[in-house]
Amino acid sequence: MATLSTKPGQRFSLPEWHNNSQLISADAEHQRSASHQVRQEARALRNETNNKAKWDEQNNRTRLTDRMTLMNRWKENLDKRLADLDAEITALTKVKEMAERALQAKNLPLDVAIECLTFRESRRVIDVVRDAVEVELRKEAKMIEETKKELQQRVSAAFEQLCLLQETHQQLSCDRRCKAEALELDRMCHSLDVNSSNISFKVNPTRIPNGTTTLDQWDQNNRCNKERAEAELKASTLLRETTLVTIAQTNKDLEVQRVATEFALRKRIRDMEKAHDELKWQEQNTLEEIAEVEEDIRRLEKDLWRKMQDLKVAHTRLETRTYRSLVELCRDEVQYGLTDEVHQLEGSIRALQQKLAEAQSALNALYRQLHRIQTDIGYKANSLMLDNKCLESRKKLVVPAEKCMPEFEAFNRSMDPPFPQPQSGKLELA
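Bear in mind that the values here come from a model prediction, so they are computed numbers and not experimental data.

**Thoughts on the overall build of the protein chain**
Within the protein chain, the regular secondary structure consists of 8 helices and 0 strands. Here the protein chain holds 430 residues, and the buried ones make up 27% of them. Counted over contacts in the protein chain with a minimum sequence separation of 6, partners at least 24 positions apart contribute 88%. A total accessible area of about 30600 Å² is found for the protein chain, and carbon and sulfur atoms account for 54% of it.

**Quick look at the confidence of the model for the protein chain**
Per-chain confidence: the protein chain averages 77 in pLDDT, with 76% of residues scoring 70 or above. Element-level pLDDT for the protein chain is lowest in helix α7 (residues 401-404), with a mean of 45, against a maximum mean of 88 in helix α1 (residues 14-105). Scored below 50 in pLDDT, residues 123-129 makes 6 contacts in the model with residues more than four places away or belonging to other chains.

**Things to note about the state of the cysteines**
In this structure the tally under the stated criterion is 0 disulfides. No disulfide involves Cys174; its sulfur sits 4.3 Å from that of Cys178, the nearest cysteine.

**Quick word on the environment of Glu358**
Here Glu358 is to be found in helix α6 (residues 333-393). Sequence spacing of Glu358 and Ile297 is 61 residues, and the spatial spacing of their C-alpha atoms is 9.7 Å.

**A word on the layout of surface pockets**
Roughly 440 Å³ of internal volume is contained in the second largest pocket. Lining the second largest pocket, in full, are Leu185, Asp186, Cys189, Pro205, Arg207, Pro209, Gly211, Thr212 and Thr213. Of the residues belonging to the lining of the second largest pocket, the class tally is 4 nonpolar, 3 polar and 2 charged.

**Brief notes about the environment of Asn107**
In this structure, Asn107 sits in helix α2 (residues 107-120). Spatially, the C-alpha atoms of Asn107 and Lys148 are 8.5 Å apart, while their sequence positions differ by 41 residues. A distance of 2.7 Å separates the side chain of Asn107 from the side chain of Lys148, its partner in a polar contact.

**Regarding the UniProt feature "coiled-coil region" (unreviewed entry) in the protein chain**
The feature "coiled-coil region" (unreviewed entry), as annotated in UniProt, sits at residues 75-102, 130-161, 269-310 and 342-376 in this numbering. Across residues 75-102, the secondary structure splits into 100% helix and 0% strand, with the terminal C-alpha atoms separated by 40 Å. Secondary structure within residues 342-376 divides into 100% helix and 0% strand; the distance between the first and last C-alpha atoms comes to 50 Å.

**What to know about the pattern of salt bridges**
It is possible for side chains of opposite charge to pair when their charged atoms get near one another. Under the criterion given, the structure shown has 17 salt bridges. Connected through shared salt-bridge partners, Glu295, Asp296, Arg298 and Arg299 make up one network.

**Some remarks on the environment of Gln153**
In this structure, Gln153 sits in helix α3 (residues 132-191). Classification of Gln153 by relative accessible area gives partly exposed; the value is 48%.

**Digging into unusual backbone geometry**
At Asn204, a position not held by glycine, the phi torsion is positive, near 50°. Within the secondary structure, Asn204 is located in the loop between α3 and α4 (215-253).

Conventions we followed
Within every chain, residues take consecutive numbers counted from 1 along the sequence as written. Per-residue local features of the predicted model are confined to residues with pLDDT of at least 70, and side-chain atom pairs are confined, for both listing and counting, to 80 or more; whole-chain, interface and lining totals are unaffected and use all residues. To get the side-chain values, take all heavy atoms of the structure and skip hydrogens and water. A run of DSSP states H or I qualifies as a helix once it reaches four residues; a run of E qualifies as a strand once it reaches two. Both are numbered from the N-terminal end. Each residue is placed in one exposure class: buried if its accessible area under a 1.4 Å probe, protein chains only, is under 20% of its type's maximum, exposed if it is over 50%, and partly exposed if it falls in between. We call two residues contacting when some pair of their heavy atoms lies within 4.5 Å. Only the protein chains shown count as cover for residues, and the accessible areas themselves come from Shrake-Rupley with a 1.4 Å probe. The quantity called pLDDT is the predictor's confidence in a given residue, expressed from 0 to 100. In what follows, a disulfide is any cysteine sulfur pair within 2.5 Å. Whether a set of points on the 1 Å grid over the protein atoms alone is a cavity depends on a 1.4 Å probe fitting there but being unable to get out, while an open set qualifies as a pocket with protein on both sides within 12 Å along at least five of seven lines; lining residues are those with an atom within 4 Å of a point. Grid points are joined across faces, edges and corners, and a volume is the space filled by probe spheres set on the points. Residue type decides the class: Asp, Glu, Lys and Arg count as charged, Ala, Val, Leu, Ile, Met, Phe, Trp, Tyr, Cys and Pro as nonpolar, and the leftover types, Gly among them, as polar. Counting of polar contacts relies on pairs of N or O atoms within 3.5 Å, with two restrictions inside protein: one atom must be capable of donating a hydrogen and the other of accepting it, and residues adjacent in sequence are counted only when both atoms are side-chain atoms. UniProt positions are given in the numbering used here, feature names are shortened, and annotations may be inferred rather than shown by experiment. Salt bridges, as used here, are contacts in which a Lys or Arg side-chain nitrogen is within 4 Å of a carboxyl oxygen on Asp or Glu.

Structure representation (structure tokens):
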């Protein structure tokens, strides 16, 4: 006869079974509620961060646009100021050279006046009289000396003003170059978006670099550059007009050119030609050395570029090997070799960069020396031209002064507006 078997083990009561089911249901509802809350908060956070990121990017893009507009406006202003400075430097240089030629031309009348006075000292007895001729000769000699002194002051003032104009031009050129670079960088930043290929994370991008200026300092610098350029242009224009009036007045007072000693003049021309030839030889040698240094610099730059490419390869290899997993991420011989290669390449790059800087410094020094030689050649060529003009002027002793200076008359007629004539010993400038 069959019997009912009883499975050994714990038996739960029916209320316990119901409690367990209710507990599971309650936990499920609680978890669904918590999950729903998290999902809602995540959606709200996504909307908030997306909107904030979008508006922040849009605002910064607008700020970049405004900044580029402002920078471009200042750059155009600098372009105009630089053009005005170039024109004023050219005009003042011509006036300065004109004043130098006028100053050089006053040596002949002074020598003749002194020679005439010396000759008249040989008179004897009753003929040693202070007549009108002697009075006029002494008046002429005194007038020439005063004219030379005034012209020398004008030349010195023009030279100093040219230095100030060149300094201002260099300062504005540097400021324009910086603004052009900044404008290009801002344009590149404006063109960036999330699909750009050259975006990446940077190390400490929010740092404030050394030498950073405030917006007020930037604006003050722009205004100072503008005001300085305007002041120097105004001072140069006034000086140029005053110098031209002085040259015109002295040429009206001194009607004729006088004779200088031909021996001294010819000796000066020979010395100037010798110095000029020596400087031309130095210029040729300096140009040859500059060509060799530039070739060495190109070779250094090429080697430096190659080392940088090698360093990129080593960096890439090291970085790629950092992605090895688990025990494979070991410092094996390859790792040590790549590390040593990086250190070796960095040392080579530093050495090449230092040598490149030294070569560039030597090249800059050569260019400065070349500029100095060429400037001196220009000075000597100008002086040689003035001396030759003085030598030719010996043939024009009987020619009126206004016919001997057609260049000044042509320049004076080309000025617009015409310069006012001095009245009552005072200069009235337009």
